[in-house]
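# Architecture and fold: a report
Okay, here's what each chain looks like letter by letter:
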Amino acid sequence: MPMRARGDRAARWGWGDPRVHMARRAFGYLRPHRTTMFAAGACLLVQTVLGLAPFLIVKAVIDELEHRSPSFGRIALLALAGLAIAVVVGLIGVLRAWLVLRVSTQVVATLREQLIGRLLGQSLTYFTNTRAGELMSRILNDVNVIDGVVADGALSFVGNTITVVVCVVAMFVFGWQLAIVTLVVFPPLVFWLRWGSRSIYRQRRLLQERAAAFTAHAQEVLSLSGIMLLKSFGREDAERERSEELVADLRVSALRTGITAQWFGLGLQLAQYAGPLALLLAGGWLVVHGHASLGTVIAFVTVLALRFGVAVAGLGNGTIRLIGSLPAWERVFAVLDDPIEVAQRPGAISLPAPRGIVVLDDLRFRYPGQERFALEGISLAVEPGELVALVGPSGAGKTTLTNLLARFYDPTAGSVSIDGHDLRELTLTSVAATVGLVLQETYLFHGTLRDNLVYDRPDADPDGIA
């Protein structure tokens with residue numbers, strides 16, 4: 001069976017872990033957009049630096065109010081400066097969001113194009129061994145998960161890291177004692193993050209697998225052929241029960257994933273509350289003993305430490321989002337990495353004017369995974385203008401032989417040739433243009449009658465259609 005996801009090989013993350021390799025491969029999709037990402041990162045850096053302005057403004061206002069004769073005009077100017085900076089930060093945020101959306105939408109479009117292109121090149125064996133709903137889940141569900149974190153998640157991770165570094169530097173500049181108190185809560189967050197990343201990864205991977213199972217089941221039973229079959233045998237109730245089981249499994253998985261994320265968020269939230277409380281105690285002691293001003297302590301607690309806490313929480317949540325998207329990347333890469341069994345060889349030639357000499361030379365074919373040959377020792381020569389009928393019971397290999405003539409499969413041994421050329425030496429387009437095939441089952445694409453009639457020749461004129 002194709003598309004088998006890689007298992008967890010290591011409990012710990014390291015450079016040899018396949019998940020790390022997969023994450024590096026995923027980030028590779030951002031390389032063509034590095035200029036845009038750099039511009040978005042520059043916007044984020046400016047936002048981060050300007051984000052320190054409220055700390056300075058709050059400190060200045062409180063220090064001004066502590067004077068015996070505070071100036072209201074100075075306070076008003078500080079308030080207007082804060083408003084102006086907020087407007088600038090907001091406009092820069094809009095620009096950054098636009099840049100990120102350009103990248104994320106293009107990456108998602110590239111992924112979907114690659115998935116469709118890869119699947120269109122696969123042989124019939126691939127599709128007989130894979131449920132169509134499973135493929136649709138990869139293209140829709142998994143790519144949608146990636147869409148939510150592909151660019152913004154990566155940039156937010158970098159941005160929160162920058163914010164944490166800038167805040168730490170500023171804290172040591174304005175009050176090293178309070179900075180040390182703030183950083184005390186950081187090591188427990190690291191351990192909490194490690195726990196959360198492992199749990200979220202496992203739960204998210206199971207959630208994606210169950211979503212794919214439900215999508216595949218729904219696609220099968222709700223197709224026209226599936227509906228006709230289940231109604232013919234009166235299997236509505238059985239399929240309804242099966243659907244309910246799959247929906248229940250999906251619900252439980254989604255619930256566990258959400259609850260795990262909530263427990264992780266609770267730890268981050270507690271750290272955000274504990275930090276300011278510890279700072280108030282330490283800051284109060286420093287003010288009482290004359291080691292810090294009231295404005296410094298209040299601004300430290302209400303602005304700088306709060307911003308640091310939000311950045312740390314964002315860093316943790318961003319990490320969880322990125323790690324949570326890895327199972328989706330894993331499933332997408334599994335499709336992209338599946339080998340194409342019937343591929344066009346390098347240097348393949350075209351057959352511009354086929355005569356129609358068909359030769360089967362000691363043809364043997366066995367379906368993948370089967371021990372018994374479907375065709376064995378078939379030799380046949382058909383001259384142009386000859387009419388050959390294949391007669392035999394069901395399962396004798398008539399359809400298999402026609403599929404080999406159209407090169408839907410390649411022979412296990414022997415060869416199929418047209419005008420002296422092995423089909424494997426010809427381009428796939430040339431084979432399709434040379435071999436005409438009328439399928440046993442009629443299939444129409446959704447569209448107009450004309451669209452279906454000219455599917456092979458989109459440029460056909462109306463007289464030709466008539």
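Residues numbered from 1 in each chain as written. Predicted model: local features only at pLDDT ≥ 70, side-chain atom pairs only at ≥ 80, totals over all residues. Heavy atoms only, no water.

Looking now at the overall build of the protein chain. The number of helices and strands found in the protein chain is 16 helices and four strands. A separation threshold of at least 6 residues defines the contact pool for the protein chain, and within that pool the share at least 24 residues apart is 78%. Here the protein chain has roughly 27100 Å² of accessible surface; of this, 62% comes from carbon and sulfur atoms. (Helix = DSSP H or I, 4+ residues; strand = E, 2+ residues; numbered from the N terminus. Contact = heavy atoms within 4.5 Å. Areas by Shrake-Rupley, 256 points an atom, 1.4 Å probe, with all protein chains shown as cover.)

Moving on, we come to the pairing of strand 1 (residues 358-365). Strand direction decides the pairing type here: strand 1 and strand 2 (residues 375-382), joined by five bridges, are antiparallel. If you follow Leu363 over to strand 2, its bridge partner there is Ile378. (Pairing = 2+ DSSP bridges.)

Glancing now at the packing of helix 4 (residues 72-120) against helix 6 (residues 132-147). Contact geometry for helix 4 and helix 6: axes closest at 10 Å, N-to-C directions at 165°. By the angle class used here, helix 4 and helix 6 are roughly antiparallel. Crossing of helix 4 over helix 6 shows right-handed handedness. For the pair formed by helix 4 and helix 6, the contact residues are Ser104, Val108, Leu111, Arg112, Leu115, Ile116 and Leu119 on the first element and Leu135, Arg138, Ile139, Leu140, Val143, Asn144, Ile146 and Asp147 on the second. Its residues placed into classes, the contact of helix 4 with helix 6 shows ten nonpolar, two polar and three charged. (Axes fitted to C-alpha atoms, helices over the stretch in contact; angles between N-to-C directions. Parallel < 35°, antiparallel > 145°, perpendicular 65-115°, else oblique. Left-handed = near helix turned anticlockwise from the far one by under 90°. Nonpolar A, V, L, I, M, F, W, Y, C, P; charged D, E, K, R; others polar.)

Across all of its chains, the model carries seven aromatic pairs by this definition. An angle of 35° between the planes, with centres 5.4 Å apart, marks the rings of Trp329 and Phe333 as tilted. Here Trp329 and its partner Phe333 are both found in helix 12 (residues 294-337), four residues apart, which amounts to about one turn of the helix. One Lys or Arg, Arg25, reaches over the ring of Phe333 and ends 3.9 Å from the middle of that ring. The ring of Phe373 carries the charged tip of Arg366 above its face, separated from the ring centre by 4.6 Å. (Phe/Tyr/Trp six-rings, centres within 6.5 Å; stacked < 30°, edge-to-face > 60°. Lys NZ or Arg CZ within 6 Å of the ring centre and 35° of its normal.)

Here Ile200 is to be found in helix 9 (residues 186-222). Residues Ile200 and Arg256, spaced 56 residues apart in sequence, show a C-alpha to C-alpha distance of 9.3 Å. Those residues in contact with Ile200, other than ones at most four positions away along the chain, are Thr257, Thr260, Ala261, Ile320 and Gly324.

Our focus in this paragraph is the environment of Gln177. Mapped onto the elements of the fold, Gln177 is located in helix 8 (residues 176-183). With 105 residues separating them in the primary sequence, Gln177 and Ala282 have C-alpha atoms 8.3 Å apart.

What follows concerns the sheet that holds strand 2. Reading across from one edge, 2-1-3-4 is the order of the four strands in this open sheet, with antiparallel pairing throughout. Across the chains shown, the open sheet's two edge strands, defined by having one partner strand only, are strand 2 and strand 4 (421-422). Contacts from helix 13 (residues 398-405) reach strand 1, strand 2 and strand 3 (413-418), with the element oriented near 120° to strand 1.

Backbone geometry places Arg407, a non-glycine residue, at a positive phi of 55°. With respect to the helices, strands and loops of the structure, Arg407 is situated in the loop between helix 13 and strand 3. Since its relative accessible area comes to 6%, Arg407 is described here as buried. Of note in this structure, Asp419 is not a glycine but carries a positive phi near 55°. You can see Asp419 is positioned in the loop between strand 3 and strand 4. (Buried < 20%, exposed > 50% of the residue type's maximum accessible area, 1.4 Å probe, protein only.)

Here the structure, examined in full by the defined rule, presents eight salt bridges. With a shortest N-O distance of 2.8 Å, Arg25 and Asp337 are connected by a salt bridge. Placement of Arg25 in helix 1 (residues 18-27) and of Asp337 in helix 12 is noted, with a sequence separation of 312 residues between them. The residue Glu376 makes a salt bridge to Arg364 at a minimum N-O spacing of 3.2 Å. (Salt bridge = Lys/Arg side-chain N within 4 Å of Asp/Glu carboxyl O.)

Turning our attention to the confidence of the model for the protein chain. Regions with low pLDDT should not have their predicted coordinates read in detail. Per-residue pLDDT for the protein chain averages 77, and the proportion of residues at 70 or more is 80%. Low pLDDT, under 50, characterises residues 1-13; the predicted model gives this stretch 37 contacts beyond four residues in sequence or across chains. (pLDDT = per-residue confidence, 0-100.)

Glancing now at the nonpolar core. The biggest cluster of nonpolar side chains holds 27 residues, and the ones touching the most others in it are Tyr29, Leu115, Ile146, Trp329, Val332 and Phe333. Of all the elements in the fold, those that place two or more residues in this core are helix 1, helix 4, helix 6 and helix 12. Per-element tally for this core: the top contributor is helix 12, with eight residues. Beyond its immediate chain neighbours, meaning those up to four positions away, Phe333 contacts Met22, Arg25, Ala26 and Tyr29. With 13 residues, the next largest nonpolar core counts Val416, Ile418, Leu426 and Val431 among its residues. (Core = buried A, V, L, I, M, F, W, Y, C linked by side-chain atoms within 4.5 Å.)

Its place among the elements puts Ser253 in helix 11 (residues 236-288). In contact with Ser253, not counting residues within four places along its chain, are Gln203, Leu206, Leu207 and Arg210.

Bringing the side chain of Asn403 into the picture now. Within the secondary structure, Asn403 sits in helix 13. In this structure Asn403 comes out as buried when scored by relative accessible area, which is 13%. If near-sequence neighbours (up to four positions away) are discounted, Asn403 is found in contact with Leu124, Phe408 and Tyr409.

The grouping of Leu56, Val165, Val169, Val173 and Phe174 at the surface amounts to a nonpolar patch, some 450 Å² of accessible area in total. No other element matches helix 7 (residues 152-174), which puts four residues into the nonpolar patch. Relative to the elements of secondary structure, Val165 occurs in helix 7. (Patch = residues over 30% accessible without salt bridge, like charges linked within 9 Å, V, L, I, M, F, W, Y side chains within 5 Å.)

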